[in-house]
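# What the coordinates show
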Amino acid sequence: MLEPSHNNELPAIPGKRYFTIGEVAELCAVKAHVLRYWEQEFPQLSPVKRRGNRRYYQRADVITIRQIRSLLYEQGYTIGGAKQKLSSHEIKDDTTQYKQLIRQMIVELEDVLDVLNAPAK
């Protein structure tokens, strides 16, 4: 039997435009080689590649990776099953994605609140 969801343990996604493979590995609690493998398996993952073939992921990529991680590690899908689920319209209604986005928004709003409540210099 699989353990309950570990989504709560994943850190919030910082408000940056691009993330390195190391940052994404940390944000999604998977190893870099796993991310490179998933890129080959899931057409939805296509990080921008810059000089030296360095990968740069965007926020949408990080959310997709977290979805893949959830499907494989928490919901028990195989790679094939996860591919099917991601490419189907079913995933649009997936509550894990909405929960992830809501958690992210809360963290970002708390950051804004901290800035607003900070004493003026």
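Under the annotation held in an unreviewed UniProt entry, the protein chain carries the name MerR family transcriptional regulator and is attributed to Marinobacter adhaerens.

### A closer look at the packing of helix 1 (residues 21-28) against helix 2 (residues 32-41)
Packed helices, taken two at a time, are described by their axes: the angle between them and the distance between them. Look at helix 1 against helix 2: their axes get within 9 Å of each other, and the N-to-C directions meet at 100 degrees. Classified by the angle their axes make, helix 1 and helix 2 are roughly perpendicular. In contact with I21, V24 and A25 of helix 1, helix 2 contributes A32, L35 and R36. The class makeup of the residues in the contact of helix 1 with helix 2 is five nonpolar, no polar and one charged.

### A short note on the packing of aromatic side chains
One pass over the full model with this rule turns up one aromatic pair. Centroid distance W38 to Y73: 6.0 Å. Interplanar angle 55 degrees. Geometry classified as tilted. Here W38 is found in helix 2, whereas its partner Y73 is found in helix 3 (residues 59-74), with 35 residues between them in sequence. Judged by its relative accessible area of 2%, W38 is buried.

### Some thoughts on the environment of K85
Here K85 is to be found in helix 4 (residues 79-87). Remark: the alpha-carbon pair of K85 and L71, spanning 14 residues in sequence, is separated by 8.6 Å.

### Regarding the pattern of salt bridges
This structure, assessed with the given rule, holds five salt bridges. The salt bridge partner of E39 is R55, with a shortest N-O separation of 2.8 Å. Of this pair, E39 sits in helix 2 while R55 sits in strand 2 (residues 54-56), and the two are 16 residues apart along the sequence. Both residues of the pair, E39 and R55, count as buried.

### Considerations on helix 4
Among the residues of helix 4, those classed as buried are G81, A82, K85 and L86. End-on, the buried residues of helix 4 take up no more than an arc of 130 degrees, which puts them together on one face. Seen from the buried face of helix 4, the exposed residues on the opposite side, beyond 90 degrees, are Q84 and S87. In this structure, the buried residues of helix 4 make contact with helix 3.

### Brief notes about helix 1
Along helix 1, the positions that sit buried rather than exposed are I21, V24, A25, L27 and C28. Angular distribution of buried residues about the axis of helix 1 spans 165 degrees; they occupy a single face of the element. Against the buried residues of helix 1 lie helix 2, strand 2 and helix 3. Immediately beyond the C-terminal end of helix 1, within one or two residues, lies A29, with a positive phi of roughly 55 degrees.

The rules we used
Residues numbered from 1 in each chain as written. Predicted model: local features only at pLDDT ≥ 70, side-chain atom pairs only at ≥ 80, totals over all residues. Heavy atoms only, no water. Axes fitted to C-alpha atoms, helices over the stretch in contact; angles between N-to-C directions. Helix = DSSP H or I, 4+ residues; strand = E, 2+ residues; numbered from the N terminus. Parallel < 35°, antiparallel > 145°, perpendicular 65-115°, else oblique. Contact = heavy atoms within 4.5 Å. Nonpolar A, V, L, I, M, F, W, Y, C, P; charged D, E, K, R; others polar. Phe/Tyr/Trp six-rings, centres within 6.5 Å; stacked < 30°, edge-to-face > 60°. Buried < 20%, exposed > 50% of the residue type's maximum accessible area, 1.4 Å probe, protein only. Salt bridge = Lys/Arg side-chain N within 4 Å of Asp/Glu carboxyl O. Arc of directions from axis to C-beta.

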